[in-house]
Amino acid sequence: PTLSLLSREFMKFSCKQQTLTKALNIVSKAVTIRTTIPILKGILLKVDEEGMLTMSASDLDLSIEKKVKVENSVPGSIVVLSKLFGDIIRKLPDGEIIVEETEGKVNIKCASSEFNIIGLPSDEFPNINPTEGNEEKIVFDKEILKDMIRKTSFAASIDENKGVITGILIEMEENTLNMVAVDGFRMAIAREAMKNKERENIIISAKILSEISRIISESEDDRDDIEVLLSDKKAVFVMEDTKVVSRLLEGKFMDYKRILPSENGCRVVLNKNDFMDSVERASLLAKVGKNNLVKLDIKDSVIEITSKSEEGNVKEEVIITKEGEDVTIGFNSKYLLDALKVIEDESIVLLFNNSVSPCLIKPVSGDSFEYLVLPVRLGQ
């Protein structure tokens, strides 16, 4: 055993500080501090024969792997504590960093700085990417995927005890891909025309999809598309040099189509920005303890938006085109604004039934998005 230890070459590589920092910023998104398993607080550094460094991190729900071309390399692998290693690399000067394993320790040199930190054995690190061989492949345009995540993720529940509604439903129909998020107070739906080989539904944590969106933005991959491999338990998002593995949420998502109102007694068309700005100003006097309440009075060609608290009151008016009955209804201004902020259309449609039924926000034509917001009962 002693001889084999002496003859074993230890992992080594050199890399530019900025390149290593960028890669670490992406990989460390999968490191959890809330774990009792020490190895999950680490990042696996693995150098292959071709001089490619693969950095991996996992919290068992989300795993990220990033490849970086390195110089002066010797193959090998070791796990470093993510926070410590990351802090050191980020604070080193902009230049060449040499990282070398020496019998369970990791030596880091750059310019006149030198660190020695503890390493952990790589064989204890979880295998984050066992292929199952039966994955179905979907190809997304990266910008479309990011846009759909942005348009829905805010409406998923943030209560970890709420199971599947902390996730986003990705529903593949024959010619459409739908993303749906719901938290009990509002619902967000984004739709995109897409040919799908199979009809299938998966649910992925909204938090993880938001991280994937950020990783796409930070990645320097030149390709416009991103591949998603789906199996029974996980989805693997594949970019040129980055791989993100997400565990799927198990359970049945609510039948959201049943919640969408089939008829409406009042249809309003208005300028989205005018309406959003007015609700935002009215919300300055809406109290958190009173559900951030703003009241909408819809009659003739105007929506009157009012709010009041002990500090004062406010009245705003927005010009509209209305068909149907007058409605007076109250909303949590935050839920209205969250939806309005992600809509890019200049004009939108609001559909109402009465003062206790949800409001549906839609595009003037087509159905690329739908937002459903539950009202707040108005005090007498």
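Residues numbered from 1 in each chain as written. Predicted model: local features only at pLDDT ≥ 70, side-chain atom pairs only at ≥ 80, totals over all residues. Heavy atoms only, no water.

1. A closer look at the overall build of the chain
Secondary structure assignment for the chain yields 8 helices and 26 strands. Its C-alpha atoms give the chain principal-axis dimensions of about 90 × 50 × 35 Å. A burial count over the chain gives 50% of its 380 residues as buried. Taking as baseline every contact in the chain between residues at least 6 positions apart, the subset at least 24 positions apart corresponds to 66%. When the accessible surface of the chain is totalled, it reaches about 19,300 Å², and 49% of it is carbon and sulfur. Side chains of the chain give 51 positive and 65 negative charges; the mean places of these two sets differ by 4 Å. (Helix = DSSP H or I, 4+ residues; strand = E, 2+ residues; numbered from the N terminus. Buried < 20%, exposed > 50% of the residue type's maximum accessible area, 1.4 Å probe, protein only. Contact = heavy atoms within 4.5 Å. Areas by Shrake-Rupley, 256 points an atom, 1.4 Å probe, with all protein chains shown as cover. Lys, Arg positive; Asp, Glu negative; His and termini not counted. Charge placed at Lys NZ, Arg CZ, Asp CG, Glu CD.)

2. Some points on the packing of helix α4 (residues 142-152) against helix α5 (residues 206-218)
α5 packs onto α4 with a crossing angle of 145 degrees between their chain directions and a minimal axis gap of 10 Å. As for how α4 packs across α5, the hand of that crossing is left-handed. Between α4 and α5, the residues in contact are Lys-142, Leu-145, Lys-146 and Ile-149 and Leu-209, Ser-210, Ser-213, Ile-216 and Ser-217, respectively. Among the residues making up the contact of α4 with α5, the classes are represented as 4 nonpolar, 3 polar and 2 charged. (Axes fitted to C-alpha atoms, helices over the stretch in contact; angles between N-to-C directions. Left-handed = near helix turned anticlockwise from the far one by under 90°. Nonpolar A, V, L, I, M, F, W, Y, C, P; charged D, E, K, R; others polar.)

3. Structural notes on the packing of aromatic side chains
Tallied over the full model, the rule gives 3 aromatic pairs. Look at Phe-154 and Tyr-371: their rings are 5.9 Å apart centre to centre, the planes differ by 35 degrees, and that puts the pair in the tilted class. Of this pair, Phe-154 sits in the loop between α4 and β11 (167-172) while Tyr-371 sits in strand β26 (residues 369-373); the two residues are 217 residues apart in sequence, bridging distant segments of the chain. Ring-pair connections join several aromatic residues into one group, and the members of that group are Phe-154, Phe-369 and Tyr-371. (Phe/Tyr/Trp six-rings, centres within 6.5 Å; stacked < 30°, edge-to-face > 60°.)

4. Quick look at the nonpolar core
With 98 residues, the main nonpolar core has Phe-13, Leu-45, Met-55, Phe-237, Ile-303, Leu-350 and Phe-352 as its most contacted residues. Look past the residues within four positions of Met-55 in its chain and what remains in contact with it is Leu-20, Ala-23, Leu-24, Val-27, Ile-43, Leu-44, Leu-45, Ile-64, Glu-65, Lys-66 and Val-68. In this structure, Val-164, Ile-189, Leu-260 and Leu-360 belong to the second largest nonpolar core, which totals 16 residues. (Core = buried A, V, L, I, M, F, W, Y, C linked by side-chain atoms within 4.5 Å.)

5. Details of the state of the cysteines
Scanning all chains against the criterion turns up 0 disulfides. Counting only cysteine sulfurs, Cys-110 is the nearest neighbor of Cys-15, a cysteine outside any disulfide, at a range of 11 Å. Cys-15 sits in the buried class, given a relative accessible area of 4%. The structure places no disulfide on Cys-266, whose sulfur is separated from the nearest cysteine sulfur, that of Cys-359, by 9.3 Å. (Disulfide = S-S within 2.5 Å.)

6. Some points on the sheet that holds β26
An order of β14-β11-β12-β13-β26-β25-β24-β18-β22 is seen for the 9 strands of this open sheet, with the pairing classed as antiparallel. Each of the sheet's edge strands pairs with one partner strand only, and the pair in question is β14 (200-205) and β22 (321-324). With strand direction ignored, the average angle separating the axes of adjacent strands in the sheet is 15 degrees. Pairing geometry for strand β18 (residues 266-271) and β22, over 4 bridges, is antiparallel. Residue pairing in the sheet places Arg-267 in a bridge with Glu-323 of β22. Along the sheet, helix α8 (residues 333-342) makes contact with β13 (186-193), β24 (347-352), β25 (359-363) and β26, crossing β26 at roughly 170 degrees. (Pairing = 2+ DSSP bridges.)

7. Observations regarding helix α3 (residues 82-91)
Among the residues making up α3, those that are buried are Ser-82, Phe-85, Gly-86, Ile-88 and Ile-89. Considered in projection along α3, the buried side chains sweep an arc of 165 degrees and stay on one side of the axis. Opposite the packed face of α3, turned more than 90 degrees from it, sit the exposed residues Lys-83 and Lys-91. Each element contacted by the buried residues of α3 is listed here: α2 (17-27), β2 (42-47), β6 (76-81), β7 (96-102), β8 (105-110) and β9 (113-120). (Arc of directions from axis to C-beta.)

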